Amino acid sequence: MLKKSRSAASATRTLTFALPASTLPVSVVGTFNDWTPGAHPLRRRSNGTASTSVTVPVGTTVRFRYLGDNGLWFDDADADEITADGGVVLA
């Protein structure tokens, strides 16, 4: 699941990446963290999900993928577009 939230006080948008907690360990990597594995790990939440958030300027095109256990890469069906290079979302 991918959620977009816009800050009324600034020109930023928070992107929240969430998956079922059963998929852990997983990190989200993309243009917002120079594709660095482990920079944004999803953390277990009390509602049975695991999530992490990043803040980017409004209007930014973000490319991302999830990196799971044993080097498994996968995409988020909630992305605005899925390409050969992963998910794309317009913040």
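Residues numbered from 1 in each chain as written. Predicted model: local features only at pLDDT ≥ 70, side-chain atom pairs only at ≥ 80, totals over all residues. Heavy atoms only, no water.

**Student:** Is there a simple way to explain the packing of aromatic side chains in this structure?
**Tutor:** To describe a pair of aromatic rings, one takes the distance between the centres and the angle between the planes. Evaluated as defined, the whole model comprises 5 aromatic pairs. Between Phe17 and Tyr66, the ring centres sit 6.3 Å apart and the planes meet at 85°, which makes this aromatic pair edge-to-face. Within this pair, whereas Phe17 is found in strand β2 (residues 12-20), its partner Tyr66 is found in strand β6 (residues 61-68), the two being separated by 49 residues in sequence. We classify Tyr66 as buried; its relative accessible area is 0%. Relative to Phe74, the ring of Tyr66 has its centre 5.3 Å away and its plane inclined at 25°; by these criteria the two rings are stacked. Overall, Phe74 belongs to the partly exposed group, its relative accessible area being 23%. (Phe/Tyr/Trp six-rings, centres within 6.5 Å; stacked < 30°, edge-to-face > 60°. Helix = DSSP H or I, 4+ residues; strand = E, 2+ residues; numbered from the N terminus. Buried < 20%, exposed > 50% of the residue type's maximum accessible area, 1.4 Å probe, protein only.)

**Student:** Before we go on, may I ask you to explain the pattern of salt bridges in this structure?
**Tutor:** Close approach of charged atoms lets side chains of opposite charge pair. This model, assessed by the stated rule, comprises 2 salt bridges. Where Lys4 meets Asp80, a salt bridge forms, and the shortest distance between an N and an O atom there is 3.1 Å. Pair noted here: Lys4 is in strand β1 (residues 2-6) and Asp80 is in the loop between β7 (73-74) and β8 (81-83), with a separation of 76 residues, a long-range link. Of the charged contacts, one joins Arg65 and Asp75 as a salt bridge, the two residues approaching to 2.7 Å between their closest N and O atoms. Linking Arg65 in strand β6 with Asp75 in the loop between β7 and β8, this pair joins segments that are 10 residues apart in sequence. On the accessibility criterion, Asp75 (27% relative accessible area) is partly exposed. (Salt bridge = Lys/Arg side-chain N within 4 Å of Asp/Glu carboxyl O.)

**Student:** Help me out: how do you make sense of the environment of Lys4 in this one?
**Tutor:** The class of Lys4 is partly exposed, set by a relative accessible area of 34%. Contact partners of Lys4, with chain neighbours within four places excluded, come to Arg13, Thr14, Leu15, Asp80, Val89 and Leu90. Among the polar contacts made by the side chain of Lys4, one reaches the side chain of Asp80 at a distance of 3.1 Å. A polar contact is formed between the side chain of Lys4 and the backbone oxygen of Leu90, at a distance of 3.2 Å. (Contact = heavy atoms within 4.5 Å. Polar contact = N/O pair within 3.5 Å; in protein donor to acceptor, adjacent residues only side chain to side chain.)

**Student:** Just to check I follow, could you spell out the sheet that holds strand β5 (residues 49-57) for this structure?
**Tutor:** Across a sheet, paired strands are connected by hydrogen bonds in the backbone, their directions being either parallel or antiparallel. Spatially, 4 strands are ordered β1-β2-β5-β4 in an open sheet, and the strand pairing comes out antiparallel. The sheet is open, and its two borders are formed by β1 and β4 (43-44), each paired with just one other strand. Here β1 pairs with β2 via 5 bridges, running antiparallel. Bridge assignment links Lys4 to a residue of β2, and that residue is Leu15. (Pairing = 2+ DSSP bridges.)

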